Amino acid sequence: MRIEQLQYLSKVAETGSITQAAKALYLSQPSLSNAIKELEQEMEVQLFKRSKKGAVLTEAGEDFLTYAQQILAQVDLLKTRYQESERPRRIFSVSAQHYAFVVDAFVRLLKENSYPKYQATLKESRTYEVIEDVANQRSEIGVLYRSRFNQQVIANALAERDLSFTPLMQAEPHIFIYANHPLADRAQLTLDDLAPYPKLSYEQGVHNSFYYWEEVLADHVADKSIIVSDRATLFNLLIGLDGYTICSGIINSDLNGGDILAKPLACEEAIEIGYITHNFHPLNPIGQAYIQQLQEAVKRSAPSEAKDD
């Protein structure tokens, strides 16, 4: 098995076509096809289902690619650190559900440390992708929440991937609404109060189980429901349609402005937000510094009733 074969595997999986992958790799199609077949024969596994429409990973191929990507990521790190043409760069990556305090911590980390060169990645992702990013070492840290409703499912998913969850804070469910919303003067809201208004939620792609939704009470059925993919769109719809979303109540006025309010929601559910890390890959100093920034960002942004927990 050669590194080049793993690179070929990754490109074919990305494009879904040996022809397109060969063009991207500047190889002939027969050469690429033979290299993939040699890899399959050596590892005794069928990696792709081939048809006139292209090449699709088999179930075993998806599993194999997961390990291959870890190897390729390590190769990239070695090249970055030791190639003569490049100086060592500090590399850090975090994946998270859609939380402003995660962005706040990321900004402060980079501002407070005078790194001459760095490559840093911040991804606001779906729940399943946050877990997979940390499991496959695409991110050192992931940030997500768990509740009584999804706790066991999340715990199982983390245990299967050798990941650990460390709590950052606990909070009662809140509602984000526009400052000029008809219910903005209420001290507390109920689901009945919110029934006339559209409920906004983040889409979770193919892993659309209620257990992977970012919002607590995901199984609550609303007469009006809108699914969005990013935080900016959600906030625009909160304002434009008097919509609402169920959340932790954590809000950052520096990043979100003063147009969004967090109102307590009357319910018995609880939210625990934390970060996940890989059990067998200790955090580097930058990752450790980022966790400190997360802890401080939570204290600055958390609802008053959560700060005392």
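Structure first, text after, so check above.
Residues numbered from 1 in each chain as written. Predicted model: local features only at pLDDT ≥ 70, side-chain atom pairs only at ≥ 80, totals over all residues. Heavy atoms only, no water.

## Some words on the pairing of strand β12 (residues 271-278)
To keep it simple, the criterion reads: Relative accessible area decides the class of each residue, using a 1.4 Å probe on protein chains only: under 20% of the type maximum gives buried, over 50% gives exposed, and in between gives partly exposed. Elements are defined by DSSP. Helices are runs of H or I of four residues or more, strands are runs of E of two residues or more, and each kind is numbered from the N terminus. Between any two strands, at least two bridges found by DSSP are needed for them to pair.
Across the eight residues that make up β12, a large majority, eight, are buried. Pairing analysis gives six bridges linking strand β5 (residues 141-147) to β12, with the strands arranged antiparallel. Its bridge partner being in β12, Gly142 is matched across the sheet by Ile276. When strand β6 (residues 163-171) meets β12, the two strands line up antiparallel, connected through eight bridges. In the sheet register, Pro167 faces β12, and the bridge partner there is Gly274.

## Examining the nonpolar core
This is how it is decided: To define a nonpolar core, start from buried Ala, Val, Leu, Ile, Met, Phe, Trp, Tyr and Cys residues and group those joined through side-chain atoms within 4.5 Å. Any pair of residues with heavy atoms lying within 4.5 Å of one another is described as a contacting pair.
One finds Phe101, Ile141, Val143, Ile273, Tyr290 and Leu294 to be the most contacted residues of the largest nonpolar core, which totals 40 residues. Secondary structure elements with two or more residues in this core: β3 (90-96), α5 (100-112), β5, β6, β7 (174-178), β12 and α11 (285-301). Filtering out sequence-adjacent residues up to four positions away, Phe101 remains in contact with Val143, Leu168, Ile250, Ile273, Leu294, Ala297, Val298 and Ser301.

## Things to note about the packing of aromatic side chains
Our working rule: Working definition: a ring pair exists when centres of Phe, Tyr or Trp rings (six-membered ring for Trp) sit within 6.5 Å. Plane angles under 30 degrees give stacked, over 60 give edge-to-face, the rest tilted.
Tallied over the entire structure, the rule returns five aromatic pairs. Taking the centre distance of 5.2 Å and the plane angle of 50° together, the rings of Phe92 and Tyr290 count as tilted. Taken together, the residues Phe92 in strand β3 and Tyr290 in helix α11 connect sequence positions 198 residues apart. Given a relative accessible area of 0%, Tyr290 falls into the buried group. Between the aromatic rings of Tyr99 and Phe101, the centroid separation amounts to 5.5 Å while the plane-to-plane angle is 35°, which identifies the pairing as tilted. Under the relative-accessibility criterion, Phe101 is labelled buried at 0%. The rings of Phe92, Phe106 and Tyr290 are connected pair by pair, giving a single aromatic cluster.

## A closer look at the sheet that holds β7
Using the following cut-off: An axis is simply a line fitted to the C-alpha atoms; with a helix, the fit covers only the stretch in contact. Between two such axes, the angle follows the N-to-C directions and lies from 0 to 180 degrees.
Spatial strand order, β10-β7-β11: three strands in an open sheet with antiparallel pairing. Each end of this open sheet is capped by a strand with a single partner; those strands are β10 (245-247) and β11 (260-264). Averaged over all neighbouring strand pairs, the angle between strand axes comes to 40°, with direction disregarded. Bridge count for β7 against β11 is five bridges, and the pairing is antiparallel.

By themselves, these figures tell us nothing about what the structure is for.
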